[in-house]
Amino acid sequence: MYNLKLIRIQKRMSQQELSDKSGVSRTTISNLENNDGAVTTTETMNKLAEALGCPPRFFLEKMYSKLHEEGECES
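Everything numeric in this text was worked out from a predicted model, so none of it was measured. (Residues numbered from 1 in each chain as written. Predicted model: local features only at pLDDT ≥ 70, side-chain atom pairs only at ≥ 80, totals over all residues. Heavy atoms only, no water.)

## Some details on the overall build of the protein
Tallying secondary structure elements over the protein gives 5 helices and 0 strands in all. Reading the protein from its N terminus to its C terminus gives the helix and strand order α-α-α-α-α. Looking at the protein as a whole, 39% of its 75 residues are labelled buried. Taking the contacts inside the protein whose residues are at least 6 apart along the sequence as the reference set, 47% of them involve residues at least 24 apart. Counting every atom, the protein has about 4700 Å² of accessible surface; 48% of that belongs to carbon and sulfur. (Helix = DSSP H or I, 4+ residues; strand = E, 2+ residues; numbered from the N terminus. Buried < 20%, exposed > 50% of the residue type's maximum accessible area, 1.4 Å probe, protein only. Contact = heavy atoms within 4.5 Å. Areas by Shrake-Rupley, 256 points an atom, 1.4 Å probe, with all protein chains shown as cover.)

In structure tokens, the structure reads:
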């Protein structure tokens, strides 16, 4: 999943903090951040997006910096 780690770090959140806020396990978050071929459900993607204050499509876009500049992700 593209950009998950970048967005999480920008929000100054640890994987555990994101897990607590989203209800997604820390192991799943780590897997999504570190494995290019990792697959997840729409439900998981939506939970992570809500916890991070970003549209779920941010995880599907390779150009996070362009999307962030457009102001679609809460700081």
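## Section: unusual backbone geometry
We note that Arg12 has phi near 55°; this positive angle belongs to a residue other than glycine. Inspection of the secondary structure assignment puts Arg12 in the loop between helix H1 (4–10) and helix H2 (15–22). On the basis of relative accessibility, which here comes to 77%, the residue Arg12 falls in the exposed class.

## Quick word on the nonpolar core
Grouped together as the largest cluster of nonpolar side chains are 17 residues, with contacts concentrated most on Leu4, Leu18, Leu48, Leu52 and Phe59. Sorting the residues of this core by element identifies H1, helix H3 (26–34) and helix H4 (42–52) as the ones contributing at least two each. Take this core: its biggest share by element is 5 residues, from H4. (Core = buried A, V, L, I, M, F, W, Y, C linked by side-chain atoms within 4.5 Å.)

## Focus on the side chain of Ser19
Within the secondary structure, Ser19 sits in helix H2. A distance of 2.6 Å separates a polar side-chain atom of Ser19 from the backbone oxygen of Val24. Not counting chain neighbours up to four residues away, the residues in contact with Ser19 comprise Val24, Ser25, Arg26 and Ile29. (Polar contact = N/O pair within 3.5 Å; in protein donor to acceptor, adjacent residues only side chain to side chain.)

## Brief notes about the environment of Ala51
Its location among the elements puts Ala51 in helix H4. With 28 residues separating them along the chain, Ala51 and Gly23 place their C-alpha atoms 9.0 Å apart.

## As for H2
Every α-helical turn comprises 3.6 residues, leaving residues that sit three or four positions apart pointing alike. For H2, every residue scored as buried is listed here: Gln15, Leu18, Ser19 and Ser22. Angularly, the buried residues of H2 cover 105° about the axis, an arc narrow enough to put them on a single face. With respect to the buried face of H2, the exposed residues turned more than 90 degrees away are Asp20 and Lys21. Packing partners of the buried residues in H2 comprise H1, H3 and H4. The positive-phi residue at the C-terminal boundary of H2 is Gly23, with phi of around 85°. (Arc of directions from axis to C-beta.)

Just geometry here; none of it tells us what the structure is for.
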